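Remarks on the overall topology
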Amino acid sequence: MVWTNIIPLLAEGIQIAILFVAIYGFLYFLRKSRGLQVFVGIIVAAFVLSMILRIKGLQFDVLEHLVDVILNSLFIALIIIFQPELRRALAELGSFSAWQGKRKRELIVEIVTAASDMARRKCGAIIVIERNTQLQNYIEDSVMLDAKVHYLLLESIFYPKSPLHDGAVIIRKDKILAARVILPLITNAEISKYLGTRHRAALGISEESDAVTVVVSEETGSLSITYKGTIHRDISSRDMENLLEKLLILKDDHELSEAVMMLDDNNDSENNSQEKRQ
């Protein structure tokens, strides 16, 4: 008897939860699009019509017939009206599947390609990649872009004559969220005085968040990465790609520390070999 009473209540609770998640998800994907205004307009129109039809003593046969026709075709109409939002929602759902690793590898390729090209031309750049900590405080005073990451777009942003080349770009997922971002400078007195403003800014943001920052030196064309208050300078494109995979795909700090030690050993061996040559 107990189970016969619980099962209907459980079924009702599951239905309510599913409807809540569906409605919340629908409104979430509409929040930054014109579809939200359309949806609000539909709700307001439906509310006004329902209030008019409830007025006693008035015969609105034409309106009632029109409302019946609209309700019968409402589902198809919503699919047509909100087609872009539905496609974006399905794309977001796909990002949580096995495609997510592939998308992050594509992101890494775009960043490494852009950084390598700019390093050859000695074009200074600072690219901040969000991990778990969102950088909303720095985005608010920047130039919003919300554009898909592409190496040509990154290179055009940091082109010396571009109005956006000053400051950093912030990448969230696979989008360039903002450009011309002002980052905090590190204040540690033990930091080498030979580090420029870009490297100090990269270290500053790495102290305040778990973001990964790629830096291209304008003076030497060297590549660097900062993470958790540590900078790894003069790394190759291949080492940068390996490090970014550790940080953005595996997210394994243990393996990351091993990769960092390997890079430091390589840098030490290169420095020793250069000293012997001199």
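Reference entry: report on the structure contained in this document. Keep in mind that this is a model prediction, so the values were computed, not measured.

**A look at the overall build of the chain**
What the chain contains, in helices and strands, is eleven helices and seven strands. Across the 278 residues in the chain, those meeting the buried criterion constitute 33%. Partitioning the contacts of the chain with sequence separation of at least 6, the portion at a separation of at least 24 is 59%. Total accessible area on the chain is roughly 18,200 Å²; 60% of this is exposed by carbon and sulfur atoms.

**Focus on the pattern of salt bridges**
Across all of its chains, the model carries seven salt bridges by this definition. Glu155 is the salt-bridge partner of Arg121, the closest N and O atoms lying 3.3 Å from each other. Of this pair, Arg121 sits in helix α6 (residues 99–121) while Glu155 sits in helix α8 (residues 151–157); the two residues are 34 residues apart in sequence, bridging distant segments of the chain. Look at Arg121 and you get partly exposed, because its relative accessible area is 45%. Notably, a salt bridge pairs Arg172 with Glu130, separated by 2.7 Å at the nearest N-O pair. Placement of Arg172 in strand β3 (residues 168–172) and of Glu130 in the loop between β1 (125–129) and α7 (136–139) is noted, with a sequence separation of 42 residues between them. Comparing Arg172 with Glu130 shows no difference in burial state: the two are buried.

**Looking at the sheet that holds β3**
Strand order in this open sheet of seven strands is β2-β4-β3-β1-β5-β6-β7, and the pairing throughout is mixed. The open sheet has two free edges, formed respectively by β2 (143–148) and β7 (230–232), since each of these has just one partner strand. Strand-to-strand twist across the sheet, computed as the mean angle between neighbouring axes with direction ignored, equals 20°. Pairing of strand β5 (residues 212–216) with strand β6 (residues 223–227) involves four bridges; the strand directions are antiparallel. Looking across to β6, one finds that Val215 is bridged to Ser224. Along the sheet face, helix α9 (residues 197–208) touches β1, β5, β6 and β7 and points at about 180° away from the line of β5. Lying over the sheet, helix α10 (residues 237–250) contacts β1, β5 and β6, oriented at roughly 20° with respect to β6.

**Regarding the nonpolar core**
Counting 33 residues, the largest nonpolar core has Ile111, Ile127, Val214, Met240 and Leu244 as its most contacted members. A per-element tally of this core places α6 first, with eight residues. Residues contacting Ile127, with those up to four places away along its chain left out, are Ile111, Met118, Leu154, Phe158, Val169, Ile171, Val212, Thr213 and Val214.

**A look at α9**
With twelve residues, α9 extends 17 Å from end C-alpha to end C-alpha; this agrees with the ideal 16 Å at 1.5 Å per step. Elements in contact with the buried residues of α9: β1, α7, β5, β6 and β7.

Calculation rules
Each chain carries its own residue numbering, running from 1 in the written order of its sequence. Local features in this predicted model are restricted to residues whose pLDDT is 70 or higher, and side-chain atom pairs enter the listing and the counts only when it is 80 or higher, whereas totals over whole chains, interfaces and linings include all residues. The basis for the side-chain values is all heavy atoms of the structure; hydrogens and waters are excluded. Each helix is a run of H or I in the DSSP string that is no shorter than four residues. Each strand is a run of E no shorter than two, and both are numbered from the N terminus. Any residue under 20% of the maximum accessible area for its type is buried, any over 50% is exposed, and the rest in between are partly exposed; the area is computed with a 1.4 Å probe on protein chains only. Note on definitions: a residue-residue contact is assigned when non-hydrogen atoms from the two residues lie within 4.5 Å. Only the protein chains shown count as covering a residue, and every accessible area follows the Shrake-Rupley method with a 1.4 Å probe. For salt bridges, the criterion is a side-chain nitrogen of Lys or Arg within 4 Å of an Asp or Glu carboxyl oxygen. Should DSSP find at least two bridges between two strands, the strands are regarded as paired. The axes used here are C-alpha line fits, helices contributing only the stretch in contact, and every angle between their N-to-C directions lies in the interval 0 to 180 degrees. By nonpolar core we mean a set of buried residues, namely Ala, Val, Leu, Ile, Met, Phe, Trp, Tyr and Cys, connected to one another through side-chain atoms within 4.5 Å. By definition here, a helix of n residues has an expected span of 1.5 Å times n minus one.

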